[in-house]
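Descriptive structure summary
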Amino acid sequence: MIVNVDDHQDWTEPGAYSLAEGVHRIPLPLPMDGLKAVNVYVIETESGLTLIDGGWAVETSRKQLEDSLRKIGHHPRDITSFLVTHVHRDHYTQAVAIRSEFRTAAVSLGRGEQPALKLIQNPDRADRSTESQLRRAGADELAERWRAASEGAERDLSHWTMPDQWLDDDQRIQVGTRTLEAVATPGHTQGHFVFVDREAGLLFAGDHVLPTITPSIGFEPVQAELPLGDFLHSLLRIRDLPDLRLAPAHGAADRRSHERVDELLAHHYHRLELCLAAVSSFGTTALDVARAVTWTRRERHFDELDGFNAALATLETKAHLDLLVARGRLTMDASEVTTVYRPVSPPAAAEQR
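The sections below set out a description of the structure shown in this document. In this text the structure is predicted, and so the values were computed from the model without any measurement.

As for the side chain of His320
- Relative to the helices and strands, His320 resides in helix H9 (residues 307-326).
- If we ignore the near neighbours within four places in the chain, the residues touching His320 are Leu228, His268, Arg271, Leu272 and Cys275.

A look at helix H6 (residues 227-239)
- Look at H6: 18 Å from first C-alpha to last across 13 residues, which is about the 18 Å you get at 1.5 Å a residue.
- Regarding H6, the residues found buried are Pro227, Leu228, Phe231, Leu232, Ser234, Leu235 and Ile238. Summarising the axial view, the buried residues of H6 lie within an arc of 160°, below the 170-degree limit, and thus occupy one face.
- As for H6, its buried residues are in contact with strand S10 (178-184), strand S11 (193-197), strand S12 (202-206), helix H7 (257-278) and H9.

Remarks on the pairing of strand S7 (residues 106-110)
- Counting buried positions along S7 gives four out of five residues, so the element sits mostly inside the fold.
- Here three bridges tie strand S6 (residues 79-83) to S7, and the two strands are oriented parallel to one another. Note on S7: the bridge partner recorded for Leu83 is Ser108.
- Crossover handedness for the path S6 to helix H2 (residues 89-102) to S7: right-handed.

Examining the environment of Gly201
- With respect to the helices, strands and loops of the structure, Gly201 is situated in the loop between S11 and S12.
- Through-space distance from the C-alpha of Gly201 to that of Arg245 is 6.0 Å; in sequence the pair is 44 residues apart.
- Excluding residues within four positions of it along the chain, Gly201 makes contact with Leu244 and Arg245.

Some words on the sheet that holds S10
- Taken together, five strands build an open sheet; the order of strands is S9-S10-S11-S12-S13 and the sheet is mixed. Looking at which strands have only one partner, the edges of the open sheet turn out to be strand S9 (171-175) and strand S13 (245-248). Neighbour-to-neighbour, the strand axes of the sheet open up by a mean angle of 25°, direction not taken into account.

So, how was this worked out
Residues numbered from 1 in each chain as written. Predicted model: local features only at pLDDT ≥ 70, side-chain atom pairs only at ≥ 80, totals over all residues. Heavy atoms only, no water. Helix = DSSP H or I, 4+ residues; strand = E, 2+ residues; numbered from the N terminus. Contact = heavy atoms within 4.5 Å. Expected span 1.5 Å × (residues − 1). Buried < 20%, exposed > 50% of the residue type's maximum accessible area, 1.4 Å probe, protein only. Arc of directions from axis to C-beta. Pairing = 2+ DSSP bridges. Right-handed = clockwise from strand over helix to strand, strands pointing away. Axes fitted to C-alpha atoms, helices over the stretch in contact; angles between N-to-C directions.

Here you go:
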């Protein structure tokens, strides 16, 4: 039964929105989160439901999932599998909780998330990892705030247990009569996957390609060597696919994949140039550069960001600077606690002749 078509301006409004025959978008709430909601996608089969992503394991999300599934004649107990795009809490934890509740739903996740998941299961180590990354970026005050906030945080580690299946490489997955292509897209996280339904013309993009905002880069408990380099390469992989309707984790499903990928590539190429220009010959930290550029579509100054988003901004800036180093456009001194970046010295006059 098709309840309603996905044409609402407010993409967070509760419901079950049809994208194709047997495919529905269900937005689930993210209380106290600036993203407001996360989309999970329901694929109906004769043997049960497959969900792409699971939502955040909080009471309001669990209730909304049940209410929304009821609109299309189903219940959470009908879920037989989750294909999770990545390990962040708003995608992974409710999948694990429902698996535990009904013992019928198998959870699949990219193997690149395994190191982070192991670290998350030891919260003290995970928090210290992020604190250490912030200190290396020159953001000691943010690191202290992160440590203080982490000390009072309560976590249900039962929501962070291992998946039933690791996705290692690109592969085809049979979901009822559909064949989905699982495509590895590291960058936002190291184990991020997207899922492609060519017949329906849909790209279930997780957080890799979002319609109006740019995914965070470099915010992981276990850091990749060059997360921005991974992300840009993964965007080019999506650009090589057919032009598909974007089914994102956050935002309406009303964009095309090629157009949005081109926008994201242009954004990061521009940010690389801005970051390069902000580095002085005296040496500059990632925090210094984060303060020198603006943030969000509203061009906000760094000091206007809350603590969490300031931390994300700092680590994303570090990812841009590290890629500039790898491309030979900056040098890096990581011998001290704080990493310092400098412009590449011009060749000496004798070398230029």
